[in-house]
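Listed here are the chains, written in short residue letters.
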Amino acid sequence: MLDQILNSPLNPGLEAPLVLLVLVVLEAVLSADNAIALAAIAQGLEDSTLQRRALNFGLAVAYILRITLILTATWVIQFWQFELLGALYLLWLVFQYFTSDEGSGREHHGPRFTSLWQAIPIIAITDLAFSLDSVTTAIAVSKDTWLVLTGGTIGVITLRFMAGLFIRWLDEFVHLQDAGYITVALVGLRLLCKAIQPDLVPPEWLTIVCIGVIFAWGFSQRIPAEETAQSQQKEEQR
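**Student:** Explain helix H5 (residues 80-98) here, please?
**Tutor:** What sets the pattern is the α-helix's 3.6 residues per turn: residues three or four places apart point alike. Taking 1.5 Å of rise per residue, 19 residues should cover 27 Å, and H5 covers 27 Å from first to last C-alpha, within 8% of that figure. Restricting attention to buried positions, one finds in H5 the residues Glu83, Gly86, Ala87, Tyr89, Leu90, Leu93, Val94 and Tyr97. End-on, the buried residues of H5 take up no more than an arc of 160°, which puts them together on one face. Exposed residues on H5 whose side chains face more than 90 degrees from its buried face are Leu85 and Phe95.

**Student:** It is not clear to me how the side chain of asparagine 34 should be interpreted in this structure. Could you clarify?
**Tutor:** Structurally, the position occupied by asparagine 34 is in helix H2 (residues 15-42). The buried category is assigned to asparagine 34, whose relative accessible area is 3%. Within the local environment of asparagine 34, its side chain forms a polar contact with the side chain of aspartate 127, the two groups lying 2.9 Å apart. Non-local contacts of asparagine 34, meaning those with residues more than four positions away in its chain, are made with Arg66, Asp127, Phe130 and Leu159.

**Student:** Help me understand the packing of aromatic side chains in this model?
**Tutor:** With the rule as written, the count across this model stands at 12 aromatic pairs. Here a set of aromatic residues connected by ring pairs shows up, and it is made of Phe166, Trp169, Phe173, Phe215 and Phe219.

**Student:** Explanation requested: the environment of glycine 188 in the structure shown.
**Tutor:** Relative to the helices and strands, glycine 188 is located in helix H8 (residues 176-196). With relative accessibility at 0%, the residue glycine 188 sits in the buried group. Taking the C-alpha atoms as reference points, glycine 188 and leucine 93, 95 residues apart in sequence, are found 9.7 Å from one another. In contact with glycine 188, not counting residues within four places along its chain, are Ala87, Leu90 and Leu91.

So, how was this worked out
Residues numbered from 1 in each chain as written. Predicted model: local features only at pLDDT ≥ 70, side-chain atom pairs only at ≥ 80, totals over all residues. Heavy atoms only, no water. Helix = DSSP H or I, 4+ residues; strand = E, 2+ residues; numbered from the N terminus. Expected span 1.5 Å × (residues − 1). Buried < 20%, exposed > 50% of the residue type's maximum accessible area, 1.4 Å probe, protein only. Arc of directions from axis to C-beta. Polar contact = N/O pair within 3.5 Å; in protein donor to acceptor, adjacent residues only side chain to side chain. Contact = heavy atoms within 4.5 Å. Phe/Tyr/Trp six-rings, centres within 6.5 Å; stacked < 30°, edge-to-face > 60°.

If you want it as structure tokens, here you go:
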């Protein structure tokens, strides 16, 4: 369907804008699970100001890594080991989260940090692991490097905005953080399949539908207003 539209002789001038629009939409859809993972990682810092700085600096480094990945994508995709490492890293994040335990409050939590500079590389590496899947998808849509670079740039900006929203929403919805890490597991398993047995990789639309269902569950129950107010008071005291 997409190929028919792009190759239509009636719309030769619309090819680049249409491909760019498709890339931006793909980045936005595929960035939801990435955004919540980065938000959860940033929450490993107690101070909200440090959380914002971690996202800003971490995604600045991530942008450089993502551009490097795009420029070397035709070389990277020849080595399944990169996807395997990305898959194992994402699955390690999920394992670390679901095996963590808190005495009070939420049952699980992401990595904890004592300084800003501990969080920045984790945010950058996490985005890179997610990019192994999204960039290969983008390359499949368009062979024009400048279009993929533009889509990736807009994607990082969108990711920063979405991660900022998720930091707030994680304190408002009971199941959202669990839902986010479940989708991270899906991406990790997808990368694992691509590395080991590409024929088992589910279609993109099925992955998106599954992520949508999981996020619907994640937003299904709000944390009581009293608990939210208490967490905000604790944050202000810090």
